[in-house]
Every structure is written in C-alpha cells, then in structure tokens.
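# Secondary and tertiary structure notes
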Amino acid sequence: MRILVVCPEQLPVPPIKGGSVESVTYNIFKRMAQSEKVVLLSRSHPRLPSVSRYVGGNLQVIRVPSSRPFAYLRAALRKVAGQSFDIIQIENRPRFVPFVRQAFPHTPIILSLHSLTFMSRLTLPQANAILRQVNGITSVSSFVTNTMKRRYPAHAHKFRTAIPGVDAVKFRPWPAAAKLRLRRRMGLAGSFNVLFVGRIVRGKGLHTLIRSVAQLKRRIPNIRLVAVGASWPGVRRQTPYMRYVRNLSKRLRVPVRFTGYVPPSRVHQMFQLGDVFVCPTLFREGLATVNTEAMASGIPVVASNRGGIREVVIHGHSGLLVNQANSPAAFARAIARIRNNPALRRRLIANGRMRVRSSFNWYGTVRRLKAHYQDVRSAASSSKKSH
C-alpha cells in the first residue's frame, strides 16, 4: 500500500518538540513503513530539513512552513499534487477532510481522532457533512469511538479503535542505583516523590494535586511533588495558570520541583523520579498515554476515572482510579493507600508492566490499522463496481 498521512499544523514530526498526536503518529507510521510506503505531511522546523526519509526510504516526511491551519494544508497538498495513494489518513483535523477530498476525489480517506476536542467544535450538520466524505474513522480508545457512534449514528459503521502502544524498552524500570543517581543529580533523593507529567494547564488538574500533597504533609513528612512539563511543547514562558500553581504551592507550603519543559528525548528519564505517578486530569481524555508510560516505567499509577483512561488503568489491578477528579482528598487517599501498603504497590507495578507489554504494543496498533485499511479499500472497490 501507498499511504498519505496528513498531520496537524502545530508541531513537527518526528516529535522533536513533543506533542501526543505527533508522537503517536510517528510511532505508528515508522513501523507501518516496514511493510508499506508512507508519505507524511508535517509542520516544518528549523532543525529539520524540508524532506526526510526514514526506514530505508519507505517513510518520507515532507514539511511545510505555515502554522495557520488551512494555509498549511494548501501548501502541504501542493507537495503531493499529481501523486496517487491507496489510502489517506488525516490526523485529528476533521476540518481538513473537505479539502483533502477535493484534492483526492476517489481515494479512500480515514479520519484519525485522538480526542473528542475537534469534532466537538463542529455543529451537528457540519460534522455529518464531514463524516459523509470519509470512508472510515479510527480513534485512540473505545471511549472516543463509542462517544462518536452515539453522537453520529448514521456513521457508526465507519468507526474502529486502534489503541496506541508504548515503547516498553524505552519506558522501563531502572536499576535502583541508576535511579538513585538521577534523583541525587536533580536534588530529589530521600523524599517520597509524587510525579505529574503533562501540560501545565488547568484541565490537567495540577492544582488539585498540589492540594492533595498539602493534605498528606503531616502523614508523610518527606513528601514532594515533581511537576514535569510546560503549558505547550517547547514553550518556556510562564502563563497565568503556571504562576497560579506556583503561588498555590508556596501558600500551602508544598515542596514542588517544577522541571519546566523537558524534550521528548528525556521524558522517559523523568518517570524514574516518581514513587507514585498521578494523572489528576479534569478532561475526558482520549487515552492519556502518560499512564501507559508510567506503568511501563514501573511506577504505580493513580488517575482520574475519566474518558479513555479506564481502558488503560484497571482499578485495583494496574493502578487506582479516582472517581472525583476535582477532589484533593480523594487523590490524597489513593496516594496514601499506595504509600502505606507495600504489597499493593508491588502488585500494581507488576500488573501495570504486564498489562502494557500484553495490550499496548505498537505493532498491535499497526495491525489493527492495516486491517481497517483493507476493509475500507474493499468496501470502496465494491462500491465502484456496483456503480
């Protein structure tokens, strides 16, 4: 198969700056390219050439410089004008569909949804008009798939799920000595570290976690919060919300280590700083891959029981889920439960790592996606013959 992938306009691929959509897309298609020909359209970056080839030339990444969505899309489509593809996949940008369909009127199109966000910004007539122009829709979780099916029943037959994997070699438990060296280097040895990894925005719930740690200080005197991330990949400036959580931590006298932006090449190291990982998100996340990365890294997970997270974390087996996502006390109870029960901690770590290895494999994601492609192509071929 010859596959065209249209990425969002905001961040480059490979994900040298970060970005969950870009990371998932790159991890899928560098593996897909081991057996198929892939052309991927992406945002440009000063550190990357206008065209790159990977996987023995089977993965070609073409980059265009505009960050404005439709200027980017028009420039990107000009780069592949006149070429033919067996399938086109559009990543997380439903509004791109009509433009791609106009450029490729007869090629099967798959819309890939990583969250509810961009479909939720459309009116019902707009969404249905877009979905009529695609041959299939893939999403990162059953939560997203089932929500979309209920919302757009006329197109329910087009939806499939291809849950992203995790690199269990890169994200893995470190030997105790190596972990201690890293913690000493960062001034985080000797404390019970509660780890947050993600964007520092209100919807990710860091303020809730700060209040949770404040409640635990008396019971766990050496507790510390480690917050890894920035407001947006590659951005180092302070936002009003970032200033708010810093001031909140000072007011509540919660010791917090804010690492700021950490490039993707080093994020896996940051998981070794945590004794428990907490995802206190208020969003209905499509999946939240930080949870699978923490599980793969050998850290017990506490997470909001929202969206696709419950497909990753099985309560009491591979982590603990918190139903009240905006309750500091609920998160404090879950953290204390892990801290005070070594047997539970060991069980969650072992089951989490086992679950990642058995259920979150990138090649499994590729197999499910390729099967979806074959179904879509077969249906499109049958439709042409009948007409």
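Up top you'll find the structure we're talking about.
Since the model is a prediction, treat every value here as computed from it, not as a measurement. (Residues numbered from 1 in each chain as written. Predicted model: local features only at pLDDT ≥ 70, side-chain atom pairs only at ≥ 80, totals over all residues. Heavy atoms only, no water.)

## With respect to unusual backbone geometry
Leave glycine aside and you will find that most residues have negative phi; peptide bonds, for their part, are mostly trans. The linkage connecting Val13 with the following residue, Pro14, adopts the cis geometry, with an omega of -5°. Here Pro14 is to be found in the loop between strand 1 (2-6) and helix 1 (20-32). In this structure, Val55 takes a positive phi of about 50° despite not being glycine. Note that Val55 resides in the loop between strand 3 (51-54) and strand 4 (59-64). We note that Arg253 has phi near 55°; this positive angle belongs to a residue other than glycine. Along the chain, the position of Arg253 falls in the loop between helix 9 (240-251) and strand 11 (256-260). We classify Arg253 as exposed; its relative accessible area is 68%. (Helix = DSSP H or I, 4+ residues; strand = E, 2+ residues; numbered from the N terminus. Buried < 20%, exposed > 50% of the residue type's maximum accessible area, 1.4 Å probe, protein only.)

## Some thoughts on the sheet that holds strand 12 (residues 276-279)
Strand order across the open sheet formed by six strands is 11-10-9-12-13-14, with parallel pairing between neighbours. If you trace the sheet from one side to the other, it starts and ends with strand 11 and strand 14 (320-322), each paired once. Here the strands of the sheet are splayed against their neighbours by 20° on average, with no regard to which way each runs. Two elements, strand 13 (residues 301-304) and strand 14, share three bridges in a ladder whose sense is parallel. Within strand 14, the position partnered with Ala303 by the bridge is Leu321. Here helix 8 (residues 206-216) sits on the sheet in contact with strand 9 (192-197), strand 10 (223-228), strand 11 and strand 12, set at roughly 165° to strand 10. (Pairing = 2+ DSSP bridges. Axes fitted to C-alpha atoms, helices over the stretch in contact; angles between N-to-C directions. Contact = heavy atoms within 4.5 Å.)

## A closer look at the packing of helix 8 against helix 12 (residues 328-340)
Here helix 8 crosses helix 12 at 60°, and the two axes come no closer than 8 Å. When the axis of helix 8 is compared with that of helix 12, the two are oblique. Considering the relative orientation of helix 8 and helix 12, their crossing is right-handed. Here helix 8 contributes Thr208, Leu209, Arg211, Ser212, Gln215 and Leu216 to the contact with helix 12, which in turn contributes Pro328, Ala329, Phe331, Ala332, Ile335 and Ala336. Its residues assigned to classes, the contact of helix 8 with helix 12 comprises eight nonpolar, three polar and one charged. (Parallel < 35°, antiparallel > 145°, perpendicular 65-115°, else oblique. Left-handed = near helix turned anticlockwise from the far one by under 90°. Nonpolar A, V, L, I, M, F, W, Y, C, P; charged D, E, K, R; others polar.)

No statement about biological role is implied by the geometric values presented.
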